Amino acid sequence: MEEDRRISEPPDDLDLLLKWGLRDLYPEVEPPSQVWENIRARFATAATRVAVRTEGKRSSLHGLARFRALLAAWSARSEETVWVPRRAAVGWMETVPPRPGEAIYDEQQTTIHLWVLANALGNHAF
Amino acid sequence: MSQDAEWVERILEGDEDAFERLYQKYRRSLYRTALAITSDPGAAEEILQDGFLRAYPHLHRVDCTKPLGPWLQRIVVNLSYNWANQRKRWHLPLDEVMDRLVAGPWGSPHGSYEREETREVLRRAIESLSLEKRTVLVLFYLQGFSHAEIAYIMRCPLGTVKSRLHHARKALRHALVQEGSLEVRGAAADLGSS
């Protein structure tokens, strides 16, 4: 085949003409510097978007930590504290870290499960 | 770890310098491919730019045990195809190539006039090829890729690459012999063979 032929036989006229002719027609030249400037500008934007998403997720986790602290404070005020594994009416779910490659959740998607203090709150859901 | 792999790792961490180094390594080769396929410097610039911007979000999926060159070439070839298909500017009828015959003796191959004419004939003959045949020629003769690498870049079977190369060579030989730019020599001449 062609590759075998190249190895076993010397190049013919056409091989040489095409090899040198194409290099002459299309020499390796420097593309305009503006090309890299445009790429760099878009790269910075893309990298910033990733940073904003990551920051949004961090804010959600911070909010979750604060809420847990609040729940702990409420339970401390009650004489009898019974944690009832009952979903709140609002139905917030705990944030789950994304798997590798999975899209990062934004703040609006972050939710928290509420564990209701049945005795302290009189079975009232939030 | 290869240099490309090291840069990819840093790029995925947001390292712009690493991205620039990758660009500096491959920019001339990719630009050359785009220019040879499209014959349009403006389009080649756009394709080079878009090629790197499209590559960036997919870097995490690249097999970094191999050089990035063929993968980047694949992106550039696809973008060149898109550009050419949108504009349908890549194909010139072979008749138009023949119409550019220049009357006059074809003397010494060292004369600048003959060289320039041969160059022009070659350019027109290449531009008369289909997009796929032209791309195979560019990747094989200009960029020096193997048949297997070209099959990967063009996303086609190895046999298709060899077939396109064979037919491209045949068409060019026919055009160049007609022009007198290429002499028919013995076993190397496959003109008229099927």
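Calculation rules
Residues numbered from 1 in each chain as written. Chains lettered and ligands numbered in written order. Predicted model: local features only at pLDDT ≥ 70, side-chain atom pairs only at ≥ 80, totals over all residues. Heavy atoms only, no water. Contact = heavy atoms within 4.5 Å. Buried area = accessible area lost by both parts, 1.4 Å probe. Salt bridge = Lys/Arg side-chain N within 4 Å of Asp/Glu carboxyl O. Polar contact = N/O pair within 3.5 Å; in protein donor to acceptor, adjacent residues only side chain to side chain. Helix = DSSP H or I, 4+ residues; strand = E, 2+ residues; numbered from the N terminus. Nonpolar A, V, L, I, M, F, W, Y, C, P; charged D, E, K, R; others polar. Axes fitted to C-alpha atoms, helices over the stretch in contact; angles between N-to-C directions. Left-handed = near helix turned anticlockwise from the far one by under 90°. Buried < 20%, exposed > 50% of the residue type's maximum accessible area, 1.4 Å probe, protein only. Phe/Tyr/Trp six-rings, centres within 6.5 Å; stacked < 30°, edge-to-face > 60°. Lys NZ or Arg CZ within 6 Å of the ring centre and 35° of its normal. pLDDT = per-residue confidence, 0-100.

A. Inspection of the interface of chain A and chain B at higher detail. If you look at the interface, chain A gives 33 residues, while chain B gives 43 residues. Between chain A and chain B the total buried area reaches about 3,900 Å² when both faces are included, carbon and sulfur atoms providing 67% of it. On the chain A side of the interface with chain B, the three residues burying the most area are Tyr26(A), Trp36(A) and Phe43(A), jointly 20% of the side's total. If you look at where chain A meets chain B, you find eight salt bridges. Summed over the shared surface of chain A and chain B, the result is twelve residue pairs in polar contact (both at pLDDT 80 or more). Among the elements that take part in the side of chain A that touches chain B, helix 2 (residues 13–25) of chain A stands out by supplying eleven residues, more than any other. Residues belonging to the side of chain A that touches chain B are distributed by class as follows: 17 nonpolar, two polar and 14 charged.

B. Summary view of the packing of helix 4 (residues 69–87) of chain B against helix 7 (residues 131–142) of chain B. Residues and elements named next belong to chain B. Remark: helix 4 packs on helix 7, axes separated minimally by 12 Å, with the N-to-C direction vectors making an angle of 150°. Judged by the twist between their axes, the crossing of helix 4 over helix 7 is right-handed. Between helix 4 and helix 7, the residues in contact are Gln-73, Val-77, Tyr-81, Ala-84 and Asn-85 and Leu-131, Glu-132, Thr-135 and Leu-139, respectively. The residue inventory of the contact of helix 4 with helix 7, partitioned by class, reads five nonpolar, three polar and one charged.

C. Structural detail: the pattern of salt bridges. Here the structure, examined in full by the defined rule, presents 18 salt bridges over all chains. Put simply, Arg40(A) and Glu16(B) hold a salt bridge, and the shortest N to O gap is 3.7 Å. A residue pair is termed interchain when its members come from two chains, as with Arg40(A) in helix 3 (residues 33–77) and Glu16(B) in helix 2 (residues 16–38). Accessibility expressed as a relative area gives 24% for Glu16(B), which makes it partly exposed. Ionic pairing is found between Glu120(B) and Arg123(B), a salt bridge with its closest N-O pair at 2.7 Å. Here Arg123(B) and Glu120(B) lie together in helix 6 (residues 112–127), a separation of three residues that amounts to about one turn. Since its relative accessible area comes to 18%, Glu120(B) is described here as buried. In this structure, a network of salt bridges that share partners links the residues Asp12(A), Asp15(A), Arg169(B) and Arg173(B).

D. Representation of the packing of aromatic side chains within the structure. One pass over the structure, following the stated rule, counts eight aromatic pairs over all chains. Seen in terms of ring centroids, Phe140(B) and Tyr141(B) are 5.0 Å apart; in terms of plane orientation they differ by 85°. Their pairing is edge-to-face. The burial state of Phe140(B) is the same as that of Tyr141(B); both residues are buried. A connected cluster of aromatic rings, assembled from ring pairs, spans Trp36(A), Phe43(A), Phe19(B), Tyr23(B), Phe52(B) and Tyr56(B). In this arrangement the basic side chain of Arg23(A) is found over the ring face of Trp20(A), its NZ or CZ atom lying 5.2 Å from the centre. Lying over the aromatic face of Tyr152(B), Arg74(B) brings its terminal NZ or CZ to 4.1 Å of the ring centre.

E. Representation of the confidence of the model for chain A. Residue and element names in this part refer to chain A. Of all residues in chain A, 27% attain a pLDDT of 70 or more, and the chain-wide mean is 62. At the low end of the mean pLDDT range in chain A sits helix 1 (residues 2–8), at 46; at the high end sits helix 2, at 90. Contacts for the low-pLDDT stretch residues 1–8, under 50 throughout, to residues beyond four places or in other chains number 13 contacts. Counting contacts from residues 79–96, a segment whose pLDDT is below 50, to residues more than four positions away or on other chains yields 48 contacts.

F. Representation of unusual backbone geometry. Residues and elements named next belong to chain B. In this model, Ser-39 sits at a positive phi of 55°, which is unusual for a non-glycine residue. Examined against the element boundaries, Ser-39 turns out to sit in the loop between helix 2 and helix 3 (41–55). A positive phi is found at Arg-155, a non-glycine position, where the angle reads about 55°. Note on placement: Arg-155 falls in the loop between helix 8 (147–154) and helix 9 (158–179). Overall, Arg-155 belongs to the exposed group, its relative accessible area being 54%.

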